[in-house]
Amino acid sequence: MKTNKMKKTIVRILFICLFSFFLLLISYIGVNAQTIVIVKDHKPNAYIVLPDSLSPQIQKAAKVLQDYIQQSTGALLPISKDIPNTSISIHIGLTDFVRRQKINLKNIDEDGFILEEVNAHNFIIIGGSDWGTEFGVYSFLERYLGVIWLMPTEIGIDIPKHETVTLPDTRIIDSPVFLSRQMSPIDINSNDALGTWGRFNRLRGRINFHHNLLNLLDPKEYYKTNPQFYPQVNGKSEMPSGFKWQPNFSAPGIVDSASAKIIRYFKQNQKITSYSLGINDFSTFDQSSGSLARRNGKRNFLGMEDVSDDYFKWANEVAKKVTSVYPDKLFGLLAYNNVVTPPSAKIGINSHLIPFITYERLKWSDPELQDSGHQLTIGWEKLSSSIGWYDYDYGLDYLVPRVWFHEMQKYLIWGTRHHVKYYYAELYPNWGEGPKPWIISKLLWDPYQNVDSLLNIWYIHMGGSNAATKLKEFYSIWENFWTKIVPDISWFTHSGQYLPYYDRSYIKQVPKDDILQCDSLMNEAYSLADNDIHRQRISKLKQMWQLYKSGIEAYGNNANRSSFTKFTNTLNDLSTDSLFSQSIERIKLEFQIK
């Protein structure tokens, strides 16, 4: 009996000890895992802390953080390098405090970042590079203030109002899935509205790959001493001009000259990480007897002479020579036209070469083209550990909203599973396509996000909760048109690398009921907008919808001179609008309208 009593007593004591320990642990967690209040009742409650030594890029990012917090809350958080130890601090970059944490940044991509509450007084924003730290600031504003850069210009910036801003106890590590995320004509180093929008949405290109052989092997520089570098066409060899030529890749000395020039370039520009070996934009290559015999008349799936072995033998040798001096440099290039298919296994691809497979992947809406596109990518995947995709996401060349949100996500996810790490597209947005550019930017960072959730976020911030449902219906109609209707019409070509944007016959296939329904939806969205800024934003979409409608009339089944005049007048009316002006000028150029 005594033994049983002792056992029960011991059990009770152990239970009490464990329970007490549990309470202490909960208490400890409660003290050390609390939220941080940086703004309280519109008043600043924190400092923005910078490193003693910092770049202009980090300084500018800190000012952006300060400005947006003030616009959201009315509170101006001081920016400082020296603050009291008891103060709440948002550290941007490698401050002394951040250095003491000994954070391992080796596995963080240069565009990636960490957002972390270290303790009750310190929150850090640190990136894999200054770019990563800057992008971390933008992510901070999105996550904790709800800021969204919907479209370019001030009207597209949505900054929710807050009385108090509280940061959660969190540790977020975020890096982009696509290392390079670039779309023309967006230049994030430009201060124009489009470049600024692209920068906030982290659309950073990180590799040079475009047409460049006319610069690398400039005839003015080499023709007199090395005429053999240049093509023989129709039995003649003469100094080429412009871009309509390709080098003779097997010419004696051409590897050494190209390599030496690139080495000199990197010596003068050591911070540059890549050089483009992209072919010129022309499909006729050297026609000397030696080149013709070596290529043996082989054709690729585009029906063009296959020059991949010739080209990649040269590119591999150039990359090998340059990387013997600069081992970390990369070389982007275009898998395009005559070099759209991978070289033979015996030629292979140097690991420093990044081929950008050039194709419009909206064409993958057709199952047969999707299958052939997959096989093409897999062919490149067998030879290259890093692949780029070059796409055609237009944009302003089309006279109805061209959107395919879910198809886009599908092929981007597929690409990530097949060595595709870099992305470039010709976008040239007209902003009548609503969320498309913003959605692309989000999917390039992380294609595994829920597309419908992203779309709802954009629609709500654009026009408010009530209008959002109408905007969603509007763009769903056009997503259905481009992914379900268009693939079955004759305009949708199976040949070539991109759809014939210059052929406007697709307009004749737009269902009349869709036009009427979209007209009604856009008007309803405007009437349901719940404040002035939402009405102003939807008004911009309405303006572009009016342009689309006039374009459908001008190039549709009942086109006449009067409808074309109306289209021209609508274009001119929009040409002075700061959101549309750049797009409108390009539309007028493409459509040859004065």
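For clarity, every value in this text was computed on a predicted model and none was experimentally measured.

Reading the values: the criteria
- Numbering of residues begins from 1 in every chain and follows the order in which that chain's sequence is written.
- Where totals are concerned, whole chains, interfaces and linings use all residues; where local detail is concerned, this predicted model gives features only for residues with pLDDT of at least 70, and gives and counts side-chain atom pairs only at 80 or more.
- Values shown for side chains rest on all heavy atoms present in the structure; no hydrogens or waters enter the calculation.
- The helix count covers DSSP runs of H or I at least four residues long, the strand count covers runs of E at least two residues long, and both are numbered beginning at the N terminus.
- In summary, the charge assignment counts Lys and Arg as positive and Asp and Glu as negative, without counting His or the chain termini.
- In this description, the location of a charge corresponds to atom NZ of lysine, CZ of arginine, CG of aspartate or CD of glutamate.
- To define a nonpolar core, start from buried Ala, Val, Leu, Ile, Met, Phe, Trp, Tyr and Cys residues and group those joined through side-chain atoms within 4.5 Å.
- For the exposure calls, accessible area comes from a 1.4 Å probe over protein chains only, and a residue counts as buried if that area is under 20% of its type's maximum, exposed if over 50%, partly exposed in between.
- Whether two residues are in contact is decided by their heavy atoms: any pair within 4.5 Å suffices.
- When a carboxyl oxygen of Asp or Glu is within 4 Å of a side-chain nitrogen of Lys or Arg, the pair counts as a salt bridge.

1. Remarks on the overall build of the protein chain
Broken down by element type, the protein chain carries 19 helices and 19 strands. Each principal axis of the C-alpha atoms in the protein chain carries an extent, and together these give about 105 × 65 × 60 Å. Positive and negative charge centroids in the protein chain, built from 64 and 60 side chains respectively, lie 6 Å apart.

2. Examining the nonpolar core
Counting 173 residues, the largest nonpolar core has I38, F140, L141, L217, L277, Y311 and W314 as the members making the most contacts within it. Ranked by the residues each element gives to this core, the list is headed by helix α15 (residues 465-485), at 9 residues. Once residues lying within four places of it in the same chain are set aside, the contact partners of Y311 are L213, F249, L277, G278, I279, L333 and V339. Core analysis: the next-biggest nonpolar cluster, separate from the first, contains 6 residues, V98, I108, I124 and I126 among them.

3. A look at the pattern of salt bridges
What the rule picks out here adds up to 30 salt bridges. Between D67 and K63 there is a salt bridge; the shortest N-O distance is 2.7 Å. Of this pair, D67 and K63 both sit in helix α2 (residues 56-73), 4 residues apart, which is roughly one turn of that helix. Overall, the relative accessible area of 40% leaves K63 in the partly exposed class.

4. Topic: the side chain of N337
Here N337 shows up in the loop between β16 (330-335) and β17 (353-358). By relative accessible area, which is 8% here, N337 ends up buried. Beyond its immediate stretch of four places on either side in the chain, N337 contacts S283, N300, L302, M304 and Q497.

5. Focus: the environment of I148
On the secondary structure map, I148 appears in strand β8 (residues 148-149). Separated by 118 residues in the primary sequence, I148 and F266 place their C-alpha atoms 38 Å from one another. Each residue touching I148, except ones within four places of it in the same chain, is listed here: G156, I157, D158, W438, I457 and H461.

The analysis is restricted to geometry; functional conclusions fall outside its scope.
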